[in-house]
Amino acid sequence: MDTPHAYKELGLSPEASDAELKAAWRRLVAAWHPDRNPAPDALRRMQAINKAYQHIRQLRDEPDTAQAETDPEPASEPAPPPEQEPEAQAQPDGGPAPHVRTVRLSLEDTILGCTRSLRGHFTHTCTTCVGTGQRVLAQACSTCRGSGAIRKPTLFGWLWNEEGCPDCSGDGRQRAPCDDCDSTGEVRVAYHRRVRFAPGMRSGDVLNVPPAREGAADVRLELRVEVAPHPFFTLDEQGVLRCEMPVNGYAWMTGRWVEVPTPDGLQHMRLNRDAQVYRLAGKGFPNGLKGPRGDFIVKVVPVFPPLNDPAEEQLLDEWIARTSQASQADESQPLGGWQRTLKQWQAQHKD
Ligand SMILES: [Zn+2]
Ligand SMILES: [Zn+2]
């Protein structure tokens, strides 16, 4: 029922005061009450009058929310006019409201993609009874016979007071406990879904899982990805995967092989004393969702462990002596060339 129609039903203009509204409603209820009025459409008129009165009352009490209020309609009634569609429940795409939850993934999961088994539950307002715990039936309320009001005798036996019917909230319709929610007004929905996360998701990304039937409800999940901090991999703003790792400085100096962790597992990498930054092609983070993988950047930090005992010092001395000897023998090498220059200089300044 729209607002102009409601005023028309009560024979009022929208400027009518609250007192005039109440008086008109009482007058019409008295005139159309099925107890007194034998006309075949008395009940229907009675319901229309109550509906109009409630509509205007609601509008005046809560002018901002009255338009979005939903009016529970039994299935047997003709379809309501479009302006009465329950807008508060409607979703932009007409589906159920999504259940939002956060899913925490490891960095490896986001690089390689993963499948997660998600279990959970939530409650939502029962759609059958719109949260009231009671279904509205097509037949008239047995307490007030559909009038929406009950009469109580006053102290003087020939006068009657009219009060809103407590069993139907004044709309004149019979109520019954809602079986779909055990009269609680809320329905608990448990879900279990297997969800595939494509490679390349980042913190803050949202994954909308298409609705699926879970028991009596359609469940739509809206998953927010949160990537757990990693002990040694970092993903920079540009989506480049990086790792900084300490290496033994002697191994770095001598071009030894080391094991480097990659998202796919450990990998051998040969150190080079001229380089501290290494690029492992195709081992990094995907370029965009499901895109090819970028490069993985490894920065090595050479660490020279201190020599703690005489045996280590001696080993190092021997090693320096041996390598110097071999290197000094070759005069085309810097050390050999230097030794020759030094000897020539000494020979010139002998005396
Ligand atoms: Zn219910
Ligand atoms: Zn009633």
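Just so it is clear, the structure is predicted and the values come from calculations on it, not from any experiment. (Residues numbered from 1 in each chain as written. Chains lettered and ligands numbered in written order. Predicted model: local features only at pLDDT ≥ 70, side-chain atom pairs only at ≥ 80, totals over all residues.)

**With respect to the overall build of the protein**
- Looking only at helices and strands, the protein features seven helices and 15 strands.
- By residue count, 18% of the 351 residues in the protein fall in the buried class. (Helix = DSSP H or I, 4+ residues; strand = E, 2+ residues; numbered from the N terminus. Buried ≥ 20, exposed ≤ 12 C-beta atoms within 10 Å, placed from the backbone.)

**Here's the deal with the confidence of the model for the protein**
- For the protein, the mean per-residue pLDDT works out to 83, and 87% of the residues sit at or above 70.
- In the model, residues 64-93 has pLDDT below 50 throughout and makes 21 contacts with residues more than four positions away in sequence or in other chains. (pLDDT = per-residue confidence, 0-100. Contact = placed C-beta atoms within 7 Å.)

**Description of the nonpolar core**
- With 18 residues, the main nonpolar core has Leu-10, Trp-25, Leu-28, Val-29, Ile-49, Ala-52 and Tyr-53 as its most contacted residues.
- Put simply, the parts of the chain that give this core at least two residues each are helix H2 (18-32) and helix H3 (42-61).
- Residues in contact with Val-29, not counting those within four places in the same chain, are Met-46, Ile-49, Ser-147, Ala-149 and Glu-162.
- Counting residues in each nonpolar core, the second largest holds 11 residues, with Ile-111, Leu-271, Phe-285 and Val-298 among its members. (Core = buried A, V, L, I, M, F, W, Y, C linked by C-beta atoms within 7 Å.)

**A short note on the sheet that holds strand S10 (residues 233-235)**
- Here we have four strands laid out as an open sheet, ordered S10-S11-S15-S14, and mixed in their pairing. The open sheet has two edge strands with one neighbour each: S10 and strand S14 (277-280). Between one strand and the next, the sheet's axes are offset by a mean angle of 30°, whatever the strand orientation.
- Pairing analysis gives eight bridges linking strand S11 (residues 241-248) to strand S15 (residues 296-303), with the strands arranged parallel. Note on S15: the bridge partner recorded for Val-247 is Pro-302. (Pairing = 2+ DSSP bridges. Axes fitted to C-alpha atoms, helices over the stretch in contact; angles between N-to-C directions.)

**A word on unusual backbone geometry**
- For Asp-182, which is not a glycine, the phi torsion comes out positive at approximately 50°.
- Among the secondary structure elements, Asp-182 is positioned in the loop between strand S6 (173-177) and strand S7 (186-197).
- Although it is not a glycine, Ser-183 adopts a positive phi angle of roughly 65°.
- Residue placement: Ser-183 occurs in the loop between S6 and S7.

**Some remarks on the environment of Leu-112**
- Looking at where Leu-112 falls in the secondary structure, it is placed in helix H4 (residues 107-112).
- The exposure class assigned to Leu-112 is partly exposed, which follows from the 14 C-beta atoms found within 10 Å.
- For the pair formed by Leu-112 and Met-201, sequence separation is 89 residues and the distance between their alpha carbons is 9.9 Å.
- With sequence-adjacent residues up to four places away left out, Leu-112 is seen in contact with Pro-199 and Pro-263.

**A short note on H2**
- Between its first and last C-alpha atoms H2 spans 21 Å; for 15 residues at 1.5 Å apiece the expected length is 21 Å, and the two agree.
- Those residues of H2 lying buried are Ala-24, Trp-25, Leu-28, Val-29 and Trp-32. When H2 is viewed along its axis, its buried side chains cluster within an angular range of 130° and face the same direction. (Expected span 1.5 Å × (residues − 1). Arc of directions from axis to C-beta.)

**Looking at the sheet that holds strand S9 (residues 217-227)**
- Strand order across the open sheet formed by three strands is S1-S9-S8, with mixed pairing between neighbours. Both edges of this open sheet fall to strand S1 (99-105) and strand S8 (206-214), since each of them pairs with a single strand only. The mean angle between the axes of side-by-side strands here comes to 30°, regardless of whether they run parallel or antiparallel.
- Examined bridge by bridge, S8 and S9 share seven bridges and lie antiparallel to one another. The residue of S9 that forms the bridge with Val-209 is Leu-221.

**Some thoughts on the environment of Gly-172**
- Tracing the backbone through its elements, the reader meets Gly-172 in the loop between strand S5 (160-164) and S6.
- With 25 residues separating them in the primary sequence, Gly-172 and Ser-147 have C-alpha atoms 5.1 Å apart.
- Filtering out sequence-adjacent residues up to four positions away, Gly-172 remains in contact with Met-46, Gln-47, Asn-50, Ala-140, Cys-141, Cys-144, Gly-146, Ser-147 and Gly-148.

**Focus on the packing of helix H6 (residues 310-329) against helix H7 (residues 334-348)**
- Put simply, H6 and H7 touch, their axes get as near as 6 Å, and they point 75° apart. Comparing the axis directions of H6 and H7 gives the class roughly perpendicular. Across the interface between the two elements, Ser-324, Ser-327, Gln-328 and Ala-329 from H6 touch Leu-335, Gly-336 and Gln-339 from H7.
- Considering only residue class, the contact of H6 with H7 consists of two nonpolar, five polar and no charged. (Parallel < 35°, antiparallel > 145°, perpendicular 65-115°, else oblique. Nonpolar A, V, L, I, M, F, W, Y, C, P; charged D, E, K, R; others polar.)

**A look at H6**
- Compared with the 28 Å implied by 1.5 Å per residue over 20 residues, the 29 Å span of H6 between its first and last C-alpha is a close match.
- In terms of burial, H6 is a largely surface element, zero of the 20 residues being buried.

**Side note on the packing of H2 against H3**
- Axis separation between H2 and H3 bottoms out at 9 Å; the angle between their running directions is 165°. With respect to H3, the axis of H2 lies roughly antiparallel. Two packed elements cross with a definite hand, and for H2 against H3 that hand is left-handed. On the side of H2, the interface is formed by Asp-18, Leu-21, Trp-25, Leu-28, Val-29 and Trp-32, while H3 contributes Ala-42, Arg-45, Met-46, Ile-49, Tyr-53, Ile-56 and Arg-60.
- Looking at side-chain class alone, the contact of H2 with H3 contains 10 nonpolar, no polar and three charged residues. (Left-handed = near helix turned anticlockwise from the far one by under 90°.)

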